[in-house]
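Listed below are the residues making up each chain.
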Amino acid sequence: MNGNKPAVRIPDQVIAFFKGNRSRALLFIGIAGMALIFLSTVIPAGAGKPNPSVGAAQQSPEEYVADLEKRLAQLVGKVDGVGRCEVMVTLENGIEYVYAVEESQNVNQTNSYDGSDVRRETQQQNMEQKYIVVDTGSGKKEALLKTQRQPTVQGVVVVCEGASSTVVQERVTQVVATALGVPYNRVCVTKISK
C-alpha cells in the first residue's frame, strides 16, 4: 500500500449535467447552501446536549457538605501533629439559585395646573419582573439559571488525635478558618477518643 486514498470518482452523468452550463452549477450550489442554512435553523447546534445554565443545580447541599468535609479532612490531616482526624461542617442555609429575570418599569406622572401654580401632582410607578424561560432542546422549558450561590458555613468541628496540643489546635483552627473564610469562633478543634 502506498498510503494514498483512492480518488473520489464523480459519475459521468453529473459531469455532463454541469459541463458547459455555469448557471446550472451556480443554481445547484445556491440551493444546496439554502438547504444547509434551513437545516441549521431546524436542528440546533447543541441538540441533545443539556444546557448547563438551565434548570437544576449539579450538586445537592448534602453532596456539597460531604465533598467539603472530605477535602477539609484531607487538608487538616496534612498539618503537622494532627494524626487521624474527622471533620463535620454545618451550613446556615441551602444552595441559593438565582435565575435570570427580565424587568420592565413604567412611570406615569400627571400634573394638574391651575394658573401658574401646580395644583396637583400624581405619580404612579409599575414594575414587572418575569423569569427568562428557555427551551432545553427536548421541548421542555425551564428558567435560565444565572448563578448558584453555595451555602454559608455556620461552623466546623474537627476531631483529631493531636488536639491535646494547643499548638496543633491553633494550627488546625487557622487552616480551617482560612480555607472556609469563617471566623475563629466558628471552628472547634478537640481530641478524638480512642
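Residues numbered from 1 in each chain as written. Predicted model: local features only at pLDDT ≥ 70, side-chain atom pairs only at ≥ 80, totals over all residues. Heavy atoms only, no water.

Trainee: Break down the pairing of strand β8 (residues 153-160) for me, citing the residues and quoting the values.
Mentor: Here strand β1 (residues 85-91) runs beside β8; their pairing, made up of seven bridges, is antiparallel. Each bridged residue has a counterpart across the sheet, and for Thr90 the counterpart in β8 is Gly155. Pairing between β8 and strand β9 (residues 187-191): five bridges, direction parallel. Note that in β9 the partner of Cys160 across the bridge is Lys191. Between the parallel elements β8 and β9, the chain passes through helix α4 (residues 166-180) in a crossover that is right-handed. (Pairing = 2+ DSSP bridges. Helix = DSSP H or I, 4+ residues; strand = E, 2+ residues; numbered from the N terminus. Right-handed = clockwise from strand over helix to strand, strands pointing away.)

Trainee: Provide a residue-level description of the state of the cysteines, including the pertinent values.
Mentor: Scanning all chains against the criterion turns up zero disulfides. Not engaged in a disulfide, the cysteine Cys85 finds its nearest cysteine sulfur in Cys160; these two sulfurs lie 6.4 Å apart. Note on Cys85: relative accessible area 16%, which makes it buried. (Disulfide = S-S within 2.5 Å. Buried < 20%, exposed > 50% of the residue type's maximum accessible area, 1.4 Å probe, protein only.)

Trainee: Account for the pattern of salt bridges, with residues named and values stated.
Mentor: Evaluated as defined, the whole model comprises six salt bridges. Linking Lys130 and Glu128 is a salt bridge whose minimum nitrogen-to-oxygen distance equals 3.8 Å. For Glu128, a relative accessible area of 41% corresponds to the partly exposed category. The shortest N-O distance in the salt bridge between Glu142 and Lys140 comes to 3.3 Å. (Salt bridge = Lys/Arg side-chain N within 4 Å of Asp/Glu carboxyl O.)

Trainee: Requested: an account of the sheet that holds β8, with residues and values cited.
Mentor: If you trace the three strands from one edge of the open sheet to the other, you get β1-β8-β9, paired in mixed fashion. Two strands close off the open sheet at either side, each with one partner strand: β1 and β9. Shown here is a sheet whose adjacent strand axes are inclined to one another by a mean of 15°, direction ignored. Where helix α3 (residues 61-77) meets the sheet, its contacts fall on β1 and β8, and the angle it forms with β1 comes to roughly 145°. Its contacts with the sheet put α4 on β8 and β9, and the angle it makes with β9 is roughly 145°. (Axes fitted to C-alpha atoms, helices over the stretch in contact; angles between N-to-C directions. Contact = heavy atoms within 4.5 Å.)

Trainee: Give me the confidence of the model for the protein chain: which residues, what numbers.
Mentor: Looking at the protein chain, pLDDT values average 78 and 76% of them are 70 or higher. Overall, residues 46-57 carries pLDDT values under 50, and its contacts beyond four positions in sequence, including any with other chains, amount to 16 contacts. (pLDDT = per-residue confidence, 0-100.)

Trainee: Any details on the packing of α3 against α4? Residues and values, ideally.
Mentor: Orientation of α3 relative to α4, taken along the N-to-C sense of each, is 140°, at an axis distance of 11 Å. Between α3 and α4, the crossing angle belongs to the class labelled oblique. For α3 against α4, the interelement crossing comes out right-handed. Facing Leu68, Leu72, Leu75 and Val76 of α3, the residues of α4 in contact are Val172, Val175, Val176, Ala179 and Leu180. A breakdown of the residues in the contact of α3 with α4 according to their chemical character gives nine nonpolar, no polar and no charged. (Parallel < 35°, antiparallel > 145°, perpendicular 65-115°, else oblique. Left-handed = near helix turned anticlockwise from the far one by under 90°. Nonpolar A, V, L, I, M, F, W, Y, C, P; charged D, E, K, R; others polar.)

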